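Residues per chain are reported as follows:
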Amino acid sequence: MNVLDEWIKAASVELGLGPDDVPRESVLDVARDVAHNVVRPGAPVSAYLMGLAVGRGADPADAAARLSRLALAWNAEADSKATEARNAAADEKGD
């Protein structure tokens, strides 16, 4: 058992959860997608939001997929806006 597994087990016991209640890989995937495509501090906040949604009845896999999809689109949208801004600046210089 690695440190993360030990932590999840201990934290789960502390919160009255079973280790199987934690979709570890889904949470880590969401955190990675948000940290790499949106902003690093958004990773733990997104994991918390996912937990809130699941606590209110959302399917964990669906919540994770939706957040990852949003994070991946966020980066693509930002890239698109940056390209548009660069093109507009270039057009203004060319006038």
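Everything below is about the structure printed above this text.
Here's a quick rundown of the structure. This structure is a prediction, so every number in the text was calculated from the model and none was measured.

### Topic: the nonpolar core
General note: in soluble globular proteins, nonpolar side chains tend to be found buried as a group.
Right, so step 1: Core analysis: the largest hydrophobic core is formed by six residues, namely V30, V34, M50, A63, A64 and A71.
Right, so step 2: In terms of residue count, helix α4 (residues 60-94) provides more of this core than any other element does, three residues in total.

### Describing the environment of A35
Right, so step 1: Here A35 is to be found in helix α2 (residues 24-37).
Right, so step 2: A C-alpha to C-alpha distance of 8.7 Å links A35 and A71, two positions 36 residues apart in sequence.
Right, so step 3: Apart from the residues lying within four places of it in its own chain, the contact partners of A35 are R40 and A43.

### Examining the layout of surface pockets
Right, so step 1: Approximately 570 Å³ is the volume attributed to the largest pocket.
Right, so step 2: Taken together, 20 residues form the lining of the largest pocket, with L17, V22, P23, V27 and G51 sitting closest to its centre.
Right, so step 3: Elements represented by at least two residues in the lining of the largest pocket include exactly α1 (3-14), α2 and α3 (42-55).
Right, so step 4: It is α3 that provides the largest number of residues to the lining of the largest pocket, a total of six residues.

### What about the packing of α2 against α3?
The description of two packed helices rests on the angle between their axes and on the distance between the axes.
Right, so step 1: Where α2 meets α3, the axes come as close as 8 Å, and the angle between the chain directions of the two elements is 140°. It follows that α2 is oblique to α3 by the angle criterion. Along this stretch, α2 crosses α3, giving a crossing that reads as right-handed. Contacts from S26, V27, V30, A31, V34 and A35 of α2 reach α3 at G42, A43, S46, A47 and M50.
Right, so step 2: Looking at side-chain class alone, the contact of α2 with α3 contains eight nonpolar, three polar and no charged residues.

### Focus on the pattern of salt bridges
Right, so step 1: Applying the stated rule across the entire model yields five salt bridges.
Right, so step 2: For D5, the salt bridge identified is with R24, shortest N-O distance 2.5 Å. Here the residue D5 occupies a position in helix α1, and R24 occupies one in helix α2, the gap between them amounting to 19 residues.
Right, so step 3: Residue classification places D5 among the partly exposed positions, given a relative accessible area of 25%.
Right, so step 4: Taking the shortest distance from any N to any O, the salt bridge between D33 and R32 comes out at 3.1 Å.

Rules and cut-offs
Residues numbered from 1 in each chain as written. Predicted model: local features only at pLDDT ≥ 70, side-chain atom pairs only at ≥ 80, totals over all residues. Heavy atoms only, no water. Core = buried A, V, L, I, M, F, W, Y, C linked by side-chain atoms within 4.5 Å. Buried < 20%, exposed > 50% of the residue type's maximum accessible area, 1.4 Å probe, protein only. Helix = DSSP H or I, 4+ residues; strand = E, 2+ residues; numbered from the N terminus. Contact = heavy atoms within 4.5 Å. 1 Å grid on protein atoms, 1.4 Å probe; cavity = no way out; pocket = protein on both sides within 12 Å on 5 of 7 lines; lining within 4 Å. Points joined across faces, edges and corners; volume = space filled by probe spheres on them. Axes fitted to C-alpha atoms, helices over the stretch in contact; angles between N-to-C directions. Parallel < 35°, antiparallel > 145°, perpendicular 65-115°, else oblique. Left-handed = near helix turned anticlockwise from the far one by under 90°. Nonpolar A, V, L, I, M, F, W, Y, C, P; charged D, E, K, R; others polar. Salt bridge = Lys/Arg side-chain N within 4 Å of Asp/Glu carboxyl O.

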